[in-house]
Amino acid sequence: YIFDTETNNLLHTLRGHRDFVLCCRFSKDGRRVMTGSTDRTAKIWESMTGRLLLTLRGHTSWVHACDFSPGGTLVVTASDDRTACVWNAENGTLLLVLEG
């Protein structure tokens, strides 16, 4: 859910994950929200409309952490599969997999 913090009104319900959402982060400019789920995906949403922009697939277990880079051009996800993945935040391309 995305709420207006001044009025406490519900603005959007983000629907798209097939299982529980474990993490979420706003981009620094507030235009996008990223969510990570037990369905092994992360999703990037337009925060003002709730529209799904990208689905990031590549993890083999739950995505339990996610964040945007300071400039907003990259995102990182971390999973119970013991990997962290770096993605292009504009087109969803997987750029780097860190294992360990």
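The structure displayed is predicted, hence computed values, not measured ones. (Residues numbered from 1 in each chain as written. Predicted model: local features only at pLDDT ≥ 70, side-chain atom pairs only at ≥ 80, totals over all residues. Heavy atoms only, no water.)

Q: Looking at this structure, how should I read the overall build of the protein chain?
A: When you go through the protein chain residue by residue, the secondary structure sums to zero helices and ten strands. Reading the protein chain from its N terminus to its C terminus gives the helix and strand order β-β-β-β-β-β-β-β-β-β. At 13 Å, the protein chain has a C-alpha radius of gyration in line with the 13 Å of a compact globule built from 100 residues. Seen through its principal axes, the protein chain has C-alpha atoms that stretch 45 × 30 × 20 Å. Among the 100 residues that make up the protein chain, the fraction classed as buried is 42%. (Helix = DSSP H or I, 4+ residues; strand = E, 2+ residues; numbered from the N terminus. Rg over C-alpha atoms; globule rule 2.2 N^0.38 Å. Buried < 20%, exposed > 50% of the residue type's maximum accessible area, 1.4 Å probe, protein only.)

Q: Looking at this structure, I do not really get the pairing of strand E5 (residues 41–46). What am I missing?
A: Each regular strand shows side chains that alternate between the opposite faces of the sheet. Taken across its six residues, E5 has five buried, putting it largely inside the fold. Of the pairings in the sheet, the one linking strand E4 (residues 32–37) to E5 comprises five bridges and is antiparallel in character. Paired with Gly-36 across the strands is Ala-42, a residue of E5. What sits between the antiparallel neighbours E4 and E5 is a turn of three residues, in which Arg-40 has the positive phi angle 75°. Two strands pair when backbone bridges link them, and E5 and strand E6 (residues 52–57) are joined in this way by five bridges, in the antiparallel orientation. Counted as the bridge partner of Lys-43 is Thr-55 from E6. (Pairing = 2+ DSSP bridges.)

Q: Would you take a moment to explain the sheet that holds strand E3 (residues 21–26) for this structure?
A: What links the strands of a sheet is backbone hydrogen bonding, and the strands pair in either a parallel or an antiparallel sense. Here four strands make up an open sheet; going across it, the order is E3-E4-E5-E6 and the pairing antiparallel. The sheet is open, and its two edges are formed by E3 and E6, each paired on a single side. The mean inter-strand angle of the sheet, taken between neighbouring strand axes irrespective of direction, is 20°. (Axes fitted to C-alpha atoms, helices over the stretch in contact; angles between N-to-C directions.)

Q: Which parts of the structure should I look at to understand the nonpolar core?
A: If you look at the biggest cluster of nonpolar residues, it comprises twelve residues: Cys-23, Met-34, Ala-42, Ile-44, Leu-54, Leu-56, Cys-66, Phe-68, Val-75, Cys-85, Trp-87 and Ala-89. Residue assignment for this core shows that the elements contributing at least two residues are E5, E6, strand E7 (63–68) and strand E9 (83–88). Apart from residues lying up to four places away in sequence, Trp-87 is in contact with Leu-56, Arg-57, Gly-58, Thr-73, Leu-74, Val-75, Thr-77, Gly-92, Thr-93, Leu-94 and Leu-95. (Core = buried A, V, L, I, M, F, W, Y, C linked by side-chain atoms within 4.5 Å. Contact = heavy atoms within 4.5 Å.)

Q: Teacher, can you tell me more about the environment of Ala-42 here?
A: Mapping Ala-42 onto the fold places it in strand E5. Ala-42 sits in the buried class, given a relative accessible area of 1%. Each C-alpha atom of the pair Ala-42 and Leu-53 lies 11 Å from the other, and the pair is eleven residues apart in sequence. Residue contacts for Ala-42: discarding those within four places in its chain leaves His-17, Met-34, Thr-35, Gly-36, Leu-54, Thr-55, Leu-56 and Thr-77.

Q: Looking at this structure, how should I read the side chain of Ser-27?
A: Relative to the assigned elements, Ser-27 resides in the loop between E3 and E4. Ignoring sequence-local partners within four residues, the contact set of Ser-27 consists of Arg-32 and Phe-68.

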